[in-house]
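# Observations on the model geometry
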Amino acid sequence: MSSDTLPLHRALGLTDDEAQAVEGALGRPPNPLELAMFSVMWSEHCSYKSSRLHLRRLPTSGPAVLVGPGENAGVVDVGDGLAVAVRIESHNHPSAVEPTQGAATGIGGILRDVFTMGARPLALLDPIYVGPLEDPRSRWHLDGIVRGISAYGNAVGVPTVGGELVSAPGYARNLLVNVMCIGVLPTERLALARAEGPGNLVVLLGAATGRDGIGGVSVLASAGFAAEPGAGDEKRPSVQVGDPYEEKRLMEACLELLERRLLVALCDLGGAGLTCAASETAARGGVGIDLDVRAVPRREPGMTPAEVMTSESQERMLAVVEPARLADLQEVCDRWEVRASVIGRVTPPVEGRGRLRVLDGPGGAVLADVPAAALADEAPCYRRPARPPARPRPEDDPGEVPALDPGAAAALVASWLADPAWAYQQYDHQLLGNTVVGPGGDAAVLRLAAPGVPWRGKGLAVSADGNPRWCAHDPRVGTTLLVAEATLNVACGGGRPICLVNCLNLGNPEHPEVAWQLEQVVDGLAEACRALDLPVVGGNVSLYNEAGGQDIDPTPVVAVLGLLDRLRPDLPRVRLVPGARLLLLGRPRDELGGSRFAQAAGRSGGPLPAFDPVAHRRLLDLLVSLVHEPGLLDGLHDVADGGLALALAELALAGGVGAVVRGLPDQRALFSEAPSRVVVCTREPAAVRAAAEAAGVPVSDLGETGGDRLLVPGLLDLDLESAHRAWRGALPRWLD
Amino acid sequence: MTARVGVVVFPGTNCEHDVAEALGRLGGEARMLWHQDPDLHGVDAVVLPGGFAHGDYLRPGALARFSPVMGAVADFAAAGGPVVGICNGFQVLTEAGLLPGALGVNRSLRFVCRPVRLRVERTGTVLTGQAEAGQELVVPVNHFSGAYRVDPATLERLEAAGQVVLRYLENPNGSQGDVAGVCNEAGNVVGLMPHPERASDPLQGGTDGQVLLRSLLAAALDRSASGARR
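Here goes a summary of the coordinates provided. (Residues numbered from 1 in each chain as written. Chains lettered and ligands numbered in written order. Predicted model: local features only at pLDDT ≥ 70, side-chain atom pairs only at ≥ 80, totals over all residues. Heavy atoms only, no water.)

## Description of the overall build of chain A
- Each helix and strand counted, chain A has 26 helices and 28 strands in total.
- Relative to a compact globule of 736 residues, whose C-alpha radius of gyration would be 27 Å, chain A shows 26 Å and is just as compact.
- Expressed along its principal axes, the backbone C-alpha trace of chain A runs to roughly 85 × 60 × 45 Å.
- Every one of the 736 residues in chain A was classed for burial, and the buried ones make up 63%.
- Sequence-distant contacts in chain A: of pairs separated by 6 or more residues, those separated by 24 or more amount to 84%.
- A total accessible area of about 24300 Å² is found for chain A, and carbon and sulfur atoms account for 51% of it.
- Taking the average location of the 66 positive side-chain charges in chain A and that of its 90 negative ones, the two points are 2 Å from each other. (Helix = DSSP H or I, 4+ residues; strand = E, 2+ residues; numbered from the N terminus. Rg over C-alpha atoms; globule rule 2.2 N^0.38 Å. Buried < 20%, exposed > 50% of the residue type's maximum accessible area, 1.4 Å probe, protein only. Contact = heavy atoms within 4.5 Å. Areas by Shrake-Rupley, 256 points an atom, 1.4 Å probe, with all protein chains shown as cover. Lys, Arg positive; Asp, Glu negative; His and termini not counted. Charge placed at Lys NZ, Arg CZ, Asp CG, Glu CD.)

Laid out in C-alpha cells, this is it:
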C-alpha cells in the first residue's frame, strides 16, 4: 500500500481497533488534529499499553516514599527535611538514528522530569549498550553518544557520575541509551504537575516550537527498525535537537519560580510535546485547558496545528500560574532570558470531565475538543500473547564447561577488561563538588547537597546495572540477580538501599517471546524488591527494540539509590594495597549458568544461580557497617559479571598490586557469577572475620596481596603489566 | 576581617556555587555578581568561574566580554584589584584582552575531565602569593577548549617576564609551553584552566587547590586593608 492511500490513523501509528476506540471516546469520528493527538498519547512510549498491566505487580510504596511511579519522577524522603527525586528513561531509538543528538536530548528530558518536581538535579548516570566495536557503525554510535552526553550534560551543568558501557552483538542495529537523573529538594518544595483553578493561565516557557521530533514517541520510539545498515535514517526528522544553554536557563528560571512559589503547577514537555503536558496536567487536576495554538511561539512559519501540538522540540515547560502572579513570573523569565508566553487558560470540568480544547486564536474556532483523561489515562491496555522461547534440549547443552589452562584463563579475563575512563573523562563528573567516589567503581558516592541545599553530612550511593546475558538466559532470575548486584554495589559504597528505579529495554511486545520476557522481568523485579523491602519509585519501559525482526536480548537496567548517614574521604574503593589479606564475604559458590566463562565456551553453564534474599540482606548490612568503620577495609569489589576472576583482576589493576589467591577448588569457583559475594582487602582480617561471623555472613580466606601478578595456582596466572595495557587500551584502541 | 570576593555569574555559568563554597570553607565570603550589573558592590577581589557563559555561543568567552559587568571588571583590574578567571573565566579574560593569548580546542578534540599535575612557576601573583616556587599541585581540569595558544614571540616574552604562573607536568590539552595559567604584567589578573575549587576539600580527594584560593583571599584582604588606609 503506498503512503497516499494509507489511512491517516495507520500512518500515525494507530491500529484500526485503536482508531475505533478513539471514535468511541469522543462519541464521533475524530478530526485529523484530534487523531494526531491520540496517536502520540496512545503510543506505546506514552501509554505503556503493553506493560501497564504487568507493572502493577511491582511494590511501589514504603514509609519513605513521597511520590511513586506515574509522576515525572519518584521522590523519597531522606530525612533532615530533604527528599531525593529520581528518574530513569530510555532514549534508544533517537540515539540509534542520530547518536549525538539522541543522547543529548535524553539528558535534557530527564533533567526536566526532575526539576519539574522542584528538585535541583545533582547527578546523571548513562547506561550505554552498543554493538561490537569492530563494527565501524557501532564505533560511530558510541563516539556520538559519548559526545552528546559530554556536550549537553557538561554545558547544562549537571555532573555525569556513572553508568554502564556494554558492547555486545545484539545492539549493533538497535543500541540502548538509558539516562538517569537524581535531584534533591527541601521536602516542602515538592511540586506536582496538577493544573488547578479555572481561570488560571497556562504559560509556555522556553524554546520556540519547531518541526523537530514530530512522531518521536510513535513512529520512532514505538516501532522497530528494518534490518539493513542505515535503516531508520529516514526517521532522522523525528529526532529532536538539543540546546543545553536554553535548558540551563530554563532550569534556573523554573527552580526560582518554584522557590518563590509563583506557580500552581509545572510540567515538562517531552514525548508527545504540548499534547502530553496539557492533557496530563489537566487530567491530574480534574480540570480542562483551552489552548490557543496560535499563541505558541514557532521557529518557522506555516506549521499546522497538529505539528505544533505534537512537536517534541526540546527545552520547553508548561506552567500554570494565577493571573496576579504573571508579572512576577515574567520578571524571573526575563532575567534568565527565557521566553514565557501565555497560551491558554484552565477551564472548569464539563459533566465531571476536563476537556482539552485547541483554539485557533483567542476565542477562535475550536480545532480539537477532547476529554483530557481520554488522552492521558484511557489508552488501550493490552495483555499481549506470551510464550517462552524454545530452550535447547539438555542433551544439546550439557551445562558442563571445560577447564582452561592458567594462561588461557588469563587471556580470557584480559579480553574482558575495559577501563571506562575513556568515556567518563569526557564527562564533567565533579561539578557541584559532591563527588566523593566517581565513575568506574562499584557505586558512585556523592554528598547529598546542591546549590541552595547545603550539605548536612549525608551521602548518596548509586549504581545502575544491567546484564543481557543473564536476562536472556532466564529473564526472571536474571532480573533478581541485577537487583542483587545493584544493591550490593550501593552497599560497597556504604549506602543503605532506599529505592529503585528501572528501565526495561525489550524487543517487540507483539512477539510472544518478548511479551513473555516482559512478564518474567517484571516478576523477577517484583520478587527481589519485595524480598528486600525496596520500593520501586519509577521506571520506564522501552519496547520495539528490534531491527529486521530480531529482538534485542531482554535488557532491564535497575538503578538503586542508597543513603549514607555520614561520609568520610577515605571510603574503601575498588583497589588492592600490598601486604593485606583477601577475604570473600558471602557463601562460596560455583554455579556457571549464564556466566561469561560458559558463554566463551559456547555453553549455557546450566541454570542461572539462585538469589537468596535473606543471606543477601545480611551481607548488605554487614558491608554498610564495615565500610563506615575507619581503617577496617582497604579495598573491596562485588563479584558479578566475570566472577571472582574479573573482580580480582579489576581490584589488582586499580591498585597496581597483585595477589596470590588460594583456597579455590576449581575454575568453576573462579568464574561463577552467583550473587551475594564481595571480595574485601584488609589488614585487619581478624576484625573483619569477627564482624562477619557476628552478622551470620560466611567468610573465607582467599589469600594475600602483593607482587605484580594475579596468581591463582593452577587456575589463573595474569601478568598485571600486560593486563593493564589491555585494560587501558580496550576503548581508545577502537575510538581514538 | 573577611575577604569579600565577587563571583561573576553569566547565564550558562555553572561553577559559581562550587567556588563560593570553597572560598567559604577557607574563611572568605562570596558575593554573586550578575553579569548585567555594572557595579562590583565594593568586593575586594573578583573570580570569573567556570561554565559555559552565554552557552559558549560563537566561541567560549566571545559574548561574555560584552556583558555590562566586564567594564567594571576591567576598571577594577586596571586599578590593581585581584581578578582570577578559572576555566571559562580564563577564556573570558583572554577574549576581554585582560590576559594575553587564547584558548583553543583540546588537541584530542575531546572534552577532558581529570586531575592533572601542575607546577607553580611564579609566586607573588594574586593566585600564588602563598605558594612556593616549584611547588607541585594536583588539580582537576574540565574543558573542551583549554589549549593555550599564543604567538611564539609573545610566549617568549611571557616566559621572560615570569607571566607563566602554572605549568602542566602532563599536558592534557596541547597547550603551548605546557601553560596552565598566566597572569598580566602586574600579576593581579590571573587565568588558569584547572579548577582549584575542585581540590579544596578532602572529600573531593585532594586539597592542593586550597593554596591558590588562600592566596586569592590574602590578596583580597591586602587590597581591603590598603583601601581602608586610603
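## Focus on the overall build of chain B
- Each helix and strand counted, chain B has five helices and eleven strands in total.
- C-alpha atoms of chain B, sized along the principal axes, occupy 45 × 35 × 35 Å.
- Buried residues in chain B amount to 60% of all 230 residues.
- By sequence separation, contacts in chain B at least 24 residues apart represent 75% of the contacts at least 6 residues apart.
- Of the roughly 8200 Å² that chain B leaves accessible, carbon and sulfur atoms contribute 50%.

## A few points about the pairing of strand β11 (residues 340–347) of chain A
All names here are of chain A.
- The buried count for β11 comes to six of eight residues, which makes it a mostly enclosed element.
- Across four bridges, the pairing between strand β9 (residues 288–292) and β11 is antiparallel. Residue pairing across strands places isoleucine 289 opposite valine 346, the latter belonging to β11. (Pairing = 2+ DSSP bridges.)

## Some remarks on the interface of chain B and chain A
- Taken together, the contact pairs 28 residues of chain B with 33 residues of chain A.
- Each partner contributes to the roughly 2500 Å² buried at the junction of chain B and chain A, and carbon and sulfur atoms together form 53% of this total.
- Three residues, Arg110, Cys113 and Leu203 of chain B, lead the burial of chain B against chain A; their summed loss comes to 29% of the area buried on that side.
- Counting every contact that joins chain B to chain A gives four salt bridges.
- With a shortest N-O distance of 2.7 Å, glutamate 21 of chain B and arginine 447 of chain A are connected by a salt bridge.
- Run the count over chain B and chain A and you get 13 residue pairs in polar contact (both at pLDDT 80 or more).
- Of all the elements, helix α1 (residues 16–25) of chain B adds the most residues to the side of chain B that touches chain A, at four residues.
- A breakdown of the residues in the side of chain B that touches chain A according to their chemical character gives twelve nonpolar, ten polar and six charged. (Buried area = accessible area lost by both parts, 1.4 Å probe. Salt bridge = Lys/Arg side-chain N within 4 Å of Asp/Glu carboxyl O. Polar contact = N/O pair within 3.5 Å; in protein donor to acceptor, adjacent residues only side chain to side chain. Nonpolar A, V, L, I, M, F, W, Y, C, P; charged D, E, K, R; others polar.)

## A short note on the packing of helix α18 (residues 475–492) of chain A against helix α19 (residues 512–531) of chain A
Residues and elements named next belong to chain A.
- Two numbers describe how α18 lies on α19: the axes approach to 7 Å, and their chain directions differ by 40°. Regarding the angle of α18 to α19, the classification is oblique. Here α18 and α19 pass one another in a crossing that is right-handed. Taken together, the residues of α19 that come into contact with α18 (itself represented by Pro475, Arg476, Thr479, Thr480 and Val483) are Trp516, Gln517, Gln520, Val521, Asp523, Gly524, Leu525, Glu527 and Ala528.
- Looking at the contact of α18 with α19 residue by residue, the class counts come to six nonpolar, five polar and three charged. (Axes fitted to C-alpha atoms, helices over the stretch in contact; angles between N-to-C directions. Parallel < 35°, antiparallel > 145°, perpendicular 65-115°, else oblique. Left-handed = near helix turned anticlockwise from the far one by under 90°.)

## So, the packing of aromatic side chains
Residue and element names in this part refer to chain A.
- This model, assessed by the stated rule, comprises seven aromatic pairs over all chains.
- An angle of 85° between the planes, with centres 5.0 Å apart, marks the rings of phenylalanine 38 and tryptophan 42 as edge-to-face.
- Aromatic side chains tyrosine 129 and tyrosine 171 sit 5.4 Å apart centroid to centroid with 55° between the ring planes, which places their arrangement in the tilted category. You can see tyrosine 129 sitting in strand β4 (residues 120–130) and its partner tyrosine 171 sitting in the loop between β5 (160–167) and β6 (176–186), a full 42 residues away along the chain. (Phe/Tyr/Trp six-rings, centres within 6.5 Å; stacked < 30°, edge-to-face > 60°.)

## Here's the deal with the sheet that holds strand β14 (residues 435–437) of chain A
Residues and elements named next belong to chain A.
- With mixed pairing, the six strands of this open sheet are ordered in space as β14-β15-β16-β21-β17-β18. The strands lining the two open edges of the sheet, one partner per strand, are β14 and β18 (536–542). Taken over all neighbouring pairs, the strand axes of this sheet differ in orientation by 20° on average, direction set aside.
- Two elements, strand β17 (residues 496–505) and β18, share six bridges in a ladder whose sense is parallel.

## Notes on a nonpolar patch on the surface
- Together, Tyr57, Leu58 and Leu63 of chain B give the surface a local cluster of nonpolar side chains, amounting to about 310 Å² of exposed area.
- Among the secondary structure elements, leucine 58 of chain B is positioned in the loop between β3 (45–48) and α2 (69–78). (Patch = residues over 30% accessible without salt bridge, like charges linked within 9 Å, V, L, I, M, F, W, Y side chains within 5 Å.)

## Some words on the pattern of salt bridges
- Under the criterion given, the structure shown has 57 salt bridges over all chains.
- With a closest N to O distance of 3.9 Å, arginine 668 of chain A and aspartate 590 of chain A form a salt bridge. With a gap of 78 residues between them, arginine 668 of chain A in helix α23 (residues 667–671) and aspartate 590 of chain A in the loop between β22 (581–585) and α20 (596–600) connect regions that are remote in the sequence.
- Residue aspartate 590 of chain A is classed as partly exposed on the basis of its relative accessible area, which comes to 35%.
- In this structure, glutamate 21 of chain B engages arginine 25 of chain B in a salt bridge whose closest nitrogen and oxygen atoms are separated by 3.4 Å.

## What about the sheet that holds β9 of chain A?
Residue and element names in this part refer to chain A.
- Spatially, the seven strands line up as an open sheet ordered β8-β10-β7-β11-β9-β12-β13, and their pairing is mixed. Each having just a single partner strand, β8 (265–268) and β13 (365–371) make up the two edges of the open sheet. Strand-to-strand twist in this sheet, taken as the mean axis angle between neighbours without regard to direction, amounts to 25°.

## Description of the environment of tyrosine 171 of chain A
All names here are of chain A.
- Note on tyrosine 171: relative accessible area 2%, which makes it buried.
- The spatial distance from the C-alpha of tyrosine 171 to the C-alpha of alanine 461 is 29 Å, given a sequence separation of 290 residues.
- Dropping the residues within four chain positions of it, tyrosine 171 is found in contact with Tyr129, Val130, Gly131, Leu176, Pro468, Ile552, Asp553 and Thr555.
- A polar side-chain atom of tyrosine 171 sits 2.6 Å from a polar atom in the side chain of threonine 555.

## Remarks on the state of the cysteines
- All told, the structure shown has zero disulfides over all chains when counted by the stated rule.
- Looking at cysteine 183 of chain B, it has no disulfide partner, and the nearest cysteine sulfur is the one in cysteine 87 of chain B, 19 Å off. (Disulfide = S-S within 2.5 Å.)

## Thoughts on the nonpolar core
- Core analysis: the largest hydrophobic core is formed by 68 residues, its most contacted members being Leu205 and Leu329 of chain A.
- Residues Val116, Leu127, Val182 and Met193 of chain B belong to the second largest nonpolar core, which totals 67 residues. (Core = buried A, V, L, I, M, F, W, Y, C linked by side-chain atoms within 4.5 Å.)

## Comments concerning helix α22 (residues 643–655) of chain A
All names here are of chain A.
- When the terminal C-alpha atoms of α22 are compared, their 19 Å separation across 13 residues agrees well with the 18 Å that a helix rising 1.5 Å per residue should span.
- Counting buried positions over the 13 residues of α22 gives ten, a clear majority of the element.
- In the segment just after α22, glycine 656 is the residue with positive phi, at about 65°. (Expected span 1.5 Å × (residues − 1).)

## Quick look at the side chain of asparagine 173 of chain B
All names here are of chain B.
- Note that asparagine 173 resides in the loop between β9 (164–168) and β10 (179–183).
- Here asparagine 173 falls in the buried class, since its relative accessible area comes to 1%.
- There is a polar contact of 2.9 Å between the side chain of asparagine 173 and the backbone oxygen of glycine 146.
- At 2.7 Å, the side chain of asparagine 173 and the side chain of serine 175 are in polar contact.
- Not counting chain neighbours up to four residues away, the residues in contact with asparagine 173 comprise Asn106, Arg107, His143, Gly146, Ala147 and Tyr168.

## Quick look at unusual backbone geometry
- Even without being glycine, glutamate 337 of chain A reaches a positive phi, approximately 55°.
- Position of glutamate 337 of chain A among the secondary structure elements: in the loop between α13 (326–335) and β11.
- Here leucine 109 of chain B, not a glycine, exhibits a phi torsion of approximately 60°, which is positive.
- Along the chain, leucine 109 of chain B falls in the loop between β5 (102–104) and β6 (112–120).

## A closer look at the pairing of strand β27 (residues 709–712) of chain A
All names here are of chain A.
- Going residue by residue along β27, you find Leu710 and Val712 tucked away on one face and Arg709 and Leu711 left uncovered on the opposite face.
- Both strand β24 (residues 659–661) and β27 contribute to a ladder of two bridges, which runs parallel. Paired with alanine 659 across the strands is leucine 710, a residue of β27.
- In this structure, the hairpin formed by β27 and strand β28 (residues 716–719) is closed by a connection of three residues, where glycine 714 is found at a positive phi of approximately 80°.

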